[in-house]
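Analysis of the macromolecular model
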Amino acid sequence: MAKLSILIPSRSEKYLYPTIRDCFEKAAGEVEVVVCLEGYWPEDWKTMTDKYPNLHTIHHGEAQGMRPAINSCAGSAISRGAKYLMKLDAHCLLDEDYDTKLLADIEPNWIVVPRRKRL
């Protein structure tokens, strides 16, 4: 299975940690998460990065906006060989085995728009 990189732009997100945990715990295969922190450092961030070796951090000292944050995450992931990119808000939950389900039904150069469901 090809590597999926999850890109998360974040600006003082309250649910960032649960979202990151969900990304790693519900994946069936290997995924990486690239978080762009815009203008802040979350409490205990080092603990989170120590727990998840495939969690990568980009830090913007001042907020630059969502597009530059996503582009920074994408550049970081592509530099490590990511084949598939998934942009995710920092306050989401995912389905079990979301990565294999997503990659099973796509073709190269597709853009896939997920369903949005309220929990």
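Below you will find a few notes about this structure. What you see is a predicted model, and the numbers here were worked out from it, not measured in a lab.

Describing the overall build of the chain
- Tallying secondary structure elements over the chain gives four helices and four strands in all.
- Along the chain, from the amino end to the carboxyl end, the secondary structure elements read β-α-β-α-β-α-β-α.
- A compact globule built from 119 residues should have a C-alpha radius of gyration of about 14 Å, and the chain, at 14 Å, falls within 12% of that.
- For the chain, buried positions account for 38% of its 119 residues.
- Residue pairs in contact within the chain that sit at least 24 positions apart in sequence constitute 69% of those at least 6 positions apart.
- With an accessible surface of roughly 7600 Å², the chain has 50% of that area assigned to carbon and sulfur atoms.

As for the packing of aromatic side chains
- Under the counting rule described, the total for this entry stands at two aromatic pairs.
- Taking the centre distance of 4.6 Å and the plane angle of 10° together, the rings of Phe-24 and Tyr-52 count as stacked. Residue Phe-24 is located in helix α1 (residues 16-25), and its partner Tyr-52 is located in the loop between α2 (45-51) and β3 (55-60); the two are separated by 28 residues in the primary sequence. The burial state of Phe-24 is the same as that of Tyr-52; both residues are buried.

Each value, and the rule that gives it
- Residues numbered from 1 in each chain as written.
- Predicted model: local features only at pLDDT ≥ 70, side-chain atom pairs only at ≥ 80, totals over all residues.
- Heavy atoms only, no water.
- Helix = DSSP H or I, 4+ residues; strand = E, 2+ residues; numbered from the N terminus.
- Rg over C-alpha atoms; globule rule 2.2 N^0.38 Å.
- Buried < 20%, exposed > 50% of the residue type's maximum accessible area, 1.4 Å probe, protein only.
- Contact = heavy atoms within 4.5 Å.
- Areas by Shrake-Rupley, 256 points an atom, 1.4 Å probe, with all protein chains shown as cover.
- Phe/Tyr/Trp six-rings, centres within 6.5 Å; stacked < 30°, edge-to-face > 60°.

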